[in-house]
Amino acid sequence: MLLAEIFEKVMGPEADVRFVAYDGSKAGPASADISVEVKTPAAVAYLAQAPGELGLARAYVSGHLDVQGDMYTLLSRMWSLTVNDLPVGQKLAAIRALGVRPLLTRMPPPPQEVRRSMLARMGSRHAKQRDAEAIHHHYDVSNKFYSWVLGPSMAYTCAVFPEQDSTLEEAQHAKFELVARKLGLKPGMRLLDVGCGWGGMVIHAAREYGVKALGVTLSRQQAEWAQKAIAEAGLGELAEVRYMDYRDVPETGFDAVSSIGLTEHIGKEQLPFYFRFLYDKLVPGGRLLNHCITRPTGTEKTLNAGGFINRYVFPDGELESVGYLARQIEDTGFEIRHEENLREHYAQTLRYWCANLDEHWDEAVAEVGEGTARVWRLYMAACVVGFERNKIQLHQVLGVKLDSEGAAHLPLRPSRDWP
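If you're wondering where the values come from, they're calculated on a predicted model, not measured in any experiment.

### Structural notes on the confidence of the model for the protein
Of the residues in the protein, 87% reach a pLDDT of 70 or more, and the chain-wide mean stands at 89. Note on residues 82–86: pLDDT is under 50 here. Beyond four places in sequence and across chains, it has nine contacts.

### Considerations on the sheet that holds strand β3 (residues 35–38)
Pairing in this open sheet of four strands is mixed, and the strands run β2-β1-β3-β4 from one edge to the other. Each of the sheet's edge strands pairs with one partner strand only, and the pair in question is β2 (26–27) and β4 (65–68). Direction of pairing for strand β1 (residues 18–21) relative to β3: parallel, over a ladder of four bridges. Each bridged residue has a counterpart across the sheet, and for R18 the counterpart in β3 is S35.

### Comments concerning the side chain of S166
Structurally, the position occupied by S166 is in the loop between α9 (143–150) and α10 (168–183). On the basis of relative accessibility, which here comes to 6%, the residue S166 falls in the buried class. A polar atom in the side chain of S166 sits 3.0 Å from the backbone nitrogen of E163. Not counting residues up to four positions away in its chain, the partners in contact with S166 are F161 and Y352.

### Examining the side chain of K401
Counting through the fold element by element, K401 comes out in the segment after β11 (393–400). We note that K401 is buried and unpaired, the nearest opposite charge coming from D280 at a distance of 5.1 Å. Here Y279 takes part through its backbone oxygen, which lies 3.1 Å from a polar atom of the side chain of K401. Apart from the residues within four sequence positions on either side, K401 is in contact with Y279, D280, L282, V283, P284, G285, G286 and F334.

### Here's the deal with the pattern of salt bridges
As enumerated under the stated definition, the model contains 16 salt bridges in all. Residue R181 pairs with E177 through a salt bridge whose shortest N-O separation is 3.0 Å. A residue pair is termed a helical-turn pair when its members lie 3 or 4 positions apart in one helix, as R181 and E177 do in helix α10 at four residues. Look at R181 and you get partly exposed, because its relative accessible area is 34%.

### Overview of unusual backbone geometry
Outside of glycine, negative phi angles account for most residues, and trans bonds account for most peptide bonds. Although it is not a glycine, M154 adopts a positive phi angle of roughly 50 degrees. Along the polypeptide, M154 turns up in the loop between α9 and α10. Exposure remark for M154: the relative accessible area of 3% places this residue in the buried category. Of note, the phi angle at H409 is positive, near 60 degrees, even though the residue is not glycine.

### Looking at the environment of R106
Topologically, R106 is positioned in the loop between α6 (101–104) and α7 (116–120). Judged by relative accessible area, R106 falls into the exposed class, the value being 63%. R106 sits 60 residues away from Y46 along the chain, and the two C-alpha atoms are 8.5 Å apart.

Conventions adopted
Here the residue numbering is sequential within each chain, running from 1 through the sequence in written order. This being a predicted model, a pLDDT of at least 70 is required before a residue's local features are given, and a value of 80 or more before pairs of side-chain atoms are given or counted; all residues contribute to the totals for chains, interfaces and linings. Side-chain numbers here rest on the full set of heavy atoms in the structure, without hydrogens or water. What pLDDT reports is the predictor's confidence in each residue, on a scale of 0 through 100. The contact criterion used throughout is that any non-hydrogen atoms of two residues lie within 4.5 Å. Two strands qualify as a pair provided DSSP detects at least 2 bridges between them. Strands are runs of DSSP state E lasting at least 2 residues, helices are runs of H or I lasting at least 4, and numbering of each runs from the N terminus. The cut-offs for exposure are 20% and 50% of the maximum accessible area for each residue type, with area from a 1.4 Å probe on protein chains only; residues under the lower value are buried, those over the upper are exposed, and the others partly exposed. The definition of a polar contact used here is a pair of N or O atoms within 3.5 Å, where within protein one atom must be able to donate a hydrogen and the other to accept one, and adjacent residues in sequence count solely through side-chain atom pairs. Charge assignment: positive for Lys and Arg, negative for Asp and Glu; neither His nor the chain ends contribute. When a carboxyl oxygen of Asp or Glu lies within 4 Å of a side-chain nitrogen of Lys or Arg, that pair is called a salt bridge.

This is the structure we're talking about:
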């Protein structure tokens, strides 16, 4: 069995993918719009030593395996196919064809992969130093790189598309507006935005609502970019972004708290503390808007320590179901007043980001290196498929800290005020 034929059998002939291998073998239809090239024996070694998504990711990120055509289309076609689908006889034939050398040639992971041993030296999962390193790994890549991928909004969270053909910038503005309306922001209020990124929500709240807004992030590059943007917008009297762990914010008495894309980094065991901390920051009648990626049910693993995303993109990231999060929010003392799933909106957001990266590919490679650019190309395309196929979701949950008499200080039909 030739190398290209092995790959074709793993994916299945119905995948409509062309395979080309360094041994000269070819398989799959010549007319296929997607081709996978196995460029060196190192690609086979990666796959032999880590069968499945991690081995494929290592081979691709390191450049020993290449893809010609749309990455999203390839991942969509191979979504449910694994080496475990092969009959035993074909597995044995593949092993005989490859020999034992790929198993004996130890391949170091690409440098873009986070070493678990390195994280372990920084303490237990979600210790402050370890969280800081995890955030640094993902968000301190390059502000210039992120500007090419995210566009002018520099918003690295799910947008909300008012119409199917809305632009990314229109949709990101609509997302910030939706959060602001749900929080009931008004001039003179105080907002705490935890995990604020490049300050998009902080700037929106200050500029559009006259709110005094404080954002905190564990990414130094994000904080520096945000403070510069605040100064250029003339919002220094109202808006501030600090390079700080949310757990170290000393102020209290906020009217609203927004958490947009931070809960994924908190960890299951820390969620009770997290929501209690935010609850204690609010005045009676204050609102929390929690916006985060979730699992579709409570049956999946919250942490896939050996998966591509955890090793390359979000170290120590943990995803819960919305039901579990809602229970933690309620048990803290919040009353939940609204919840919605924006799964399709995140798929559309990611499509824009993928297109932006492709448009700036050469510049991105020059800025961060081809390996890192490949990580982002693979991860974002995979996430589009994940949101489309309901493997992951995006939920907004609105909670209220009731006053001493049980009043929520909400209009009877507040959703009418939300775009």
